[in-house]
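Residues per chain, in single letters:
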Amino acid sequence: MGLKIMQTAHYVPSKVVTNDDLAAMMDTSDEWISSRTGIKQRHVVRDEQTSDLAAKVAEKLLAKSGHEAEDIDFIIVATMSPDYLTPATAAIVQGKIGAKKAWAFDVNAACSGFIYALALADKLLAGKYRLGLVIGAEVLSKLVDWQERSTAVLFGDGAGGVLVEAKDKSSIVAEDLATFGQDGGTLTAGYQPLESAFAQDQVDKHRHFFEMDGRAVYRFATHEVPNSLTRVLAKADWSLDDVSWFILHQANGRIISAIAQHLGQDESKFLNNVAKFGNTSAASIPILLDEAVSSGQIKSGEKLLLSGFGGGLTAGSLAIVY
Ligand code: 4VN
């Protein structure tokens, strides 16, 4: 028993911020951003929280599938930008959509969050549960220092997700999940300062915003993602050429090109929408998946390699027969 992806959906806030818009706010340019990241624009919320984006995706998934909210057994939201520390964003979504029998919780594995959550959902569906929602949702704009050009150009807001059902045979043929906690300091956001009457916090309070050692994270991604993809291929007993589509976290267009090159694969097999949405962390893979499924690019029976990587540091790859 295991997971099959029955429906995909995504939702992004309507406001678009172009590179030129950013260049009017800080010392950067469309040329710099495009050439270094492949990003041309990103969607940014005005009055929507992470749970609002996730609930929109949940409602789309229900509408597409014909299932009622009451049919859902569990809801997992992968996010590093929750509305609150408690309640979980998934619990807020559960309340909003009226999924009365569903238990709901968040997974925080940053840019690998959707992959970790999908791997976990596979185990739940191999056990007692029949129907779940797995959603990646981020409002990264609240963790961006809009004076800091190195990170402000990179991130965007959005959500994507899948409705998953228990089937005799899992669509996930193999998984490879890895965490490198000792390197976690190279990519942080949302530090929670010690604020009790007894606290003597040694850390600067302004560590609320993204801080990234870009070179270190870039190096991590270009080494550990090919390693993870190679391991998951071996576990699946597939060759690189068996894979129809690579669906990687849209961290930065240049990183995806570097990974394709590293593997000696044609870049045209690496789906890419970073130009439109920027880096949406846990939301990037399900947004990309939904676009490619909805356009007919991904067809039933095709072999997919999904891979997330980023904060933690984390990496995770899934070999899926769609
Ligand atoms: C995974 C990665 C990144 C990331 C790291 C570096 C980077 C994105 C550094 C060089 C810079 C352009 C930007 Cl690999 C971020 C996340 C977070 O989701 C996860 N961009 N860059 C330059 O100067 O070219």
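Cut-off values and rules
Residues numbered from 1 in each chain as written. Predicted model: local features only at pLDDT ≥ 70, side-chain atom pairs only at ≥ 80, totals over all residues. Heavy atoms only, no water. Domains from an automatic or database assignment. Buried area = accessible area lost by both parts, 1.4 Å probe. Salt bridge = Lys/Arg side-chain N within 4 Å of Asp/Glu carboxyl O. Polar contact = N/O pair within 3.5 Å; in protein donor to acceptor, adjacent residues only side chain to side chain. Helix = DSSP H or I, 4+ residues; strand = E, 2+ residues; numbered from the N terminus. Nonpolar A, V, L, I, M, F, W, Y, C, P; charged D, E, K, R; others polar. Pairing = 2+ DSSP bridges. Axes fitted to C-alpha atoms, helices over the stretch in contact; angles between N-to-C directions. Contact = heavy atoms within 4.5 Å.

Points about the domain arrangement of the chain
And step 1. On domain assignment, one finds that the chain holds domain 1 (2-168) and domain 2 (173-321).
And step 2. For domain 1 versus domain 2, the separation of C-alpha centres amounts to 14 Å.
And step 3. Across the domain 1/domain 2 interface, buried area totals approximately 3,500 Å², and carbon plus sulfur atoms make up 65% of it.
And step 4. For domain 1, the biggest contributors to the area lost against domain 2 are Cys-111, Ile-115 and Leu-143; these three give 19% of the whole.
And step 5. Run the count over domain 1 and domain 2 and you get two salt bridges.
And step 6. A salt bridge links Glu-175 to Lys-123, with the nearest nitrogen and oxygen atoms 2.5 Å apart.
And step 7. There are 24 residue pairs in polar contact (both at pLDDT 80 or more) connecting domain 1 and domain 2.
And step 8. Contributions of two or more residues to the side of domain 1 that touches domain 2 are made by β1 (2-11), α2 (30-37), β3 (41-43), α5 (113-126), β6 (131-139) and β7 (157-167).
And step 9. For the side of domain 1 that touches domain 2, the element with the most residues is α5, which contributes seven residues.
And step 10. Here the residues of the side of domain 1 that touches domain 2 are counted per class, giving 23 nonpolar, 16 polar and nine charged.

Focus: the sheet that holds strand β5 (residues 103-107)
And step 1. Taken in spatial order, the five strands make up an open sheet running β1-β7-β6-β4-β5, and their pairing is mixed. Where the open sheet ends on each side, the last strands, each with one partner, are β1 and β5. Along the sheet, successive strands turn relative to each other by an average axial angle of 20°, direction set aside.
And step 2. Examined bridge by bridge, strand β4 (residues 74-78) and β5 share five bridges and lie parallel to one another. Looking at the pairing, Ala-78 lines up with Val-107 of β5.
And step 3. Running over the sheet, helix α3 (residues 50-65) touches β1, β4, β6 and β7 and is turned about 120° from β1.

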